[in-house]
Number of protein chains: 2
Amino acid sequence: MSGKVFVVGLGPGAPEMQTPQASRALDLADDLVGYGPYVARVPARPDQRRHASDNREEISRARHALELAAAGRTVAVVSSGDAGVFAMASAVFEAIETGETSWRSLDVEIVPGVSAMFAVAARVGAPLGNDFCAISLSDNLKPWDLVLSRLTAAASARFVIALYNVQSRARPWQLGAALSTLRQVLPADTPVVFARAVSREDEEIVIVDLAQADRQPADMRTLVMVGTESTRRIDRGDGRAWLYTPRSIEKRS
Amino acid sequence: MSGKVFVVGLGPGAPEMQTPQASRALDLADDLVGYGPYVARVPARPDQRRHASDNREEISRARHALELAAAGRTVAVVSSGDAGVFAMASAVFEAIETGETSWRSLDVEIVPGVSAMFAVAARVGAPLGNDFCAISLSDNLKPWDLVLSRLTAAASARFVIALYNVQSRARPWQLGAALSTLRQVLPADTPVVFARAVSREDEEIVIVDLAQADRQPADMRTLVMVGTESTRRIDRGDGRAWLYTPRSIEKRS
């Protein structure tokens, strides 16, 4: 088969955070496949076909991309952030494993990108400066009790936690339940970052204490980052502050 | 103060994985500060001063950068991968917090990058397709029993685990001890990726079972990634394979 599938991480949104490797893959593509708002980020070109689809259609979208590649076309499947973090790379491999045997010989290239959590961390300081984890709060694809047990394990072991897919119209209560679980383990003054549309024109970032985190609005474009008891706030003297987690941790007595 | 500090994530090594934002920061800098091999990645320029230092001198290096900026210079502190992941961003903020009060009014911009773990994941498939964490195995900066407790917590909660700083001449036994701890929690056939110098000319990547992982050589340039029991291997029929972790997890009975 002569076709090719790129799975491209576009970065968080700002064009200056999209790698040259990603730009090259988009240039080479005959077809763009992806969730509508991500396809819309790529400048239109008359000789390139655009296949924008709804959210939550990852596997059918991945199959479509593989069919196009099997027919000899060069396809770019686009994701926001990194292609492999709660994004399309895993869906493409799931479609390959459960699909046509011939798809296993297709040329598939995953193009990594700057993830939303790294862009958020950069905006507020260096909260991911020690061990950290990333957890998706979506219970469409895994049992909610697994989400809760991972939250408890991560907070108890003092990982900084980046929460993805925190809220949507169909999932209105999960973030509140997650924060409630974290409050059982972490101090009330643990810093929590709410970052919406990081690196985009409408970016909004606030830092609150865990005790107040329930009052913050969130939606599909919000990433939430929860510090540890060692995460520190540096007041800059003008109302602004940096947040960072030191690389070193003292032995607890 | 008119100076500025950029803390720049150069990406894992390949120039095509360095963002335009990072390239712009390097262009603007009067001074480059960083660990020798990372400074060496930036093409030399007659009007740009280069301050290359040894490894494990992060705080003094950060102070030097802040002093240069306080004197009015534009400084780029360079890191490999992302600037905030086991890299210089956290050291710069620690130096600010413990240093001159006037440094708090300096203009500091963190420039995120493609981390080594995302580049490694992209090379082998999509192993980070579900919840994951990143742990540094260096016990220079934190107690070893904390490293072990985090490994156990992460593996028990079925996070995919990216291990950074796995081995050096001064830390020869930590990786073996970490793998031994993981073997107490994870099945012997859990896939483990050993990736050295990802995206560089001398890149070497192998996938082994956890039971055999002790036999793999590793050094300062090696990242190790440990899957979960749901991480899957797709054999391509020609000896090659992809590794991916599905987005969905069934309820355990």
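Here the structure is shown first, and the text comes after it.
Quick caveat, the model's predicted, so the values are computed rather than measured.

Focus: the interface of chain A and chain B
Taken together, the 72 residues of chain A in the interface contact 72 residues of chain B. Across the chain A to chain B interface the summed buried area is about 6,200 Å²; carbon plus sulfur atoms make up 58%. Counting across the chain A and chain B interface gives twelve salt bridges. Measuring nitrogen to oxygen at the nearest pair gives 2.5 Å for the salt bridge that ties Lys142(A) to Asp131(B). Top element by residues in the side of chain A that touches chain B is helix α4 (residues 88–97) of chain A. It accounts for seven residues. Of the residues that constitute the side of chain A that touches chain B, the class distribution is 39 nonpolar, 14 polar and 19 charged.

A word on the nonpolar core
Membership of the largest hydrophobic core comes to 54 residues, with the highest contact counts inside it found for Leu163(A) and Leu163(B). What Leu163(B) contacts, discounting residues up to four positions off in sequence, is Ile135(B), Leu137(B), Leu151(B), Leu175(B), Leu223(B), Val224(B) and Val226(B). Met117(A), Val193(A), Leu243(A) and Phe132(B) belong to the second-largest nonpolar core, a separate cluster that totals 45 residues.

Notes on the relation of the copies chain A and chain B
Under the fitted operation, chain A is carried onto chain B by 0.0 Å of movement along the axis and a turn of 180°, and the coordinates agree to an RMSD of 0.0 Å. Such values leave the two copies arranged in the relation of a two-fold axis. Residue Cys133(A) of chain A places its C-alpha closer to the rotation axis than any other residue of that unit, at 1.9 Å. The overlap is high: 100% of the interface residues of chain A also sit at the interface in chain B, so the same surface is used on both sides.

As for the environment of Arg73(B)
Residues and elements named next belong to chain B. Turning to its location among the elements, Arg73 is positioned in the loop between α3 (58–70) and β4 (74–79). A sequence separation of 79 residues divides Arg73 from Thr152, and the C-alpha atoms of the two residues are 46 Å apart. Sequence-distant contacts of Arg73, defined by excluding residues within four places in its chain, comprise Gly3, Lys4, Asp30, Asp31, Arg49 and Leu68. Of note is the side chain of Arg73, whose polar atom sits 2.4 Å from the side chain of Asp31.

Some remarks on the sheet that holds strand β4 (residues 74–79) of chain A
Residue and element names in this part refer to chain A. Ordered by their spatial adjacency, five strands build an open sheet running β3-β2-β4-β1-β5, and the pairing between neighbours is parallel. In the strand order of this sheet, the two ends are held by β3 (49–53) and β5 (107–111), each with one partner. This sheet shows a mean twist of 15° between the axes of neighbouring strands, independent of strand direction. With six bridges joining them, strand β1 (residues 4–9) and β4 adopt parallel strand pairing.

Conventions and cut-offs
- Residues numbered from 1 in each chain as written.
- Chains lettered and ligands numbered in written order.
- Predicted model: local features only at pLDDT ≥ 70, side-chain atom pairs only at ≥ 80, totals over all residues.
- Heavy atoms only, no water.
- Contact = heavy atoms within 4.5 Å.
- Buried area = accessible area lost by both parts, 1.4 Å probe.
- Salt bridge = Lys/Arg side-chain N within 4 Å of Asp/Glu carboxyl O.
- Helix = DSSP H or I, 4+ residues; strand = E, 2+ residues; numbered from the N terminus.
- Nonpolar A, V, L, I, M, F, W, Y, C, P; charged D, E, K, R; others polar.
- Core = buried A, V, L, I, M, F, W, Y, C linked by side-chain atoms within 4.5 Å.
- Buried < 20%, exposed > 50% of the residue type's maximum accessible area, 1.4 Å probe, protein only.
- Least-squares fit on C-alpha atoms with pLDDT ≥ 70 in both.
- Polar contact = N/O pair within 3.5 Å; in protein donor to acceptor, adjacent residues only side chain to side chain.
- Pairing = 2+ DSSP bridges.
- Axes fitted to C-alpha atoms, helices over the stretch in contact; angles between N-to-C directions.

Coordinates in, geometry out; function isn't part of it.
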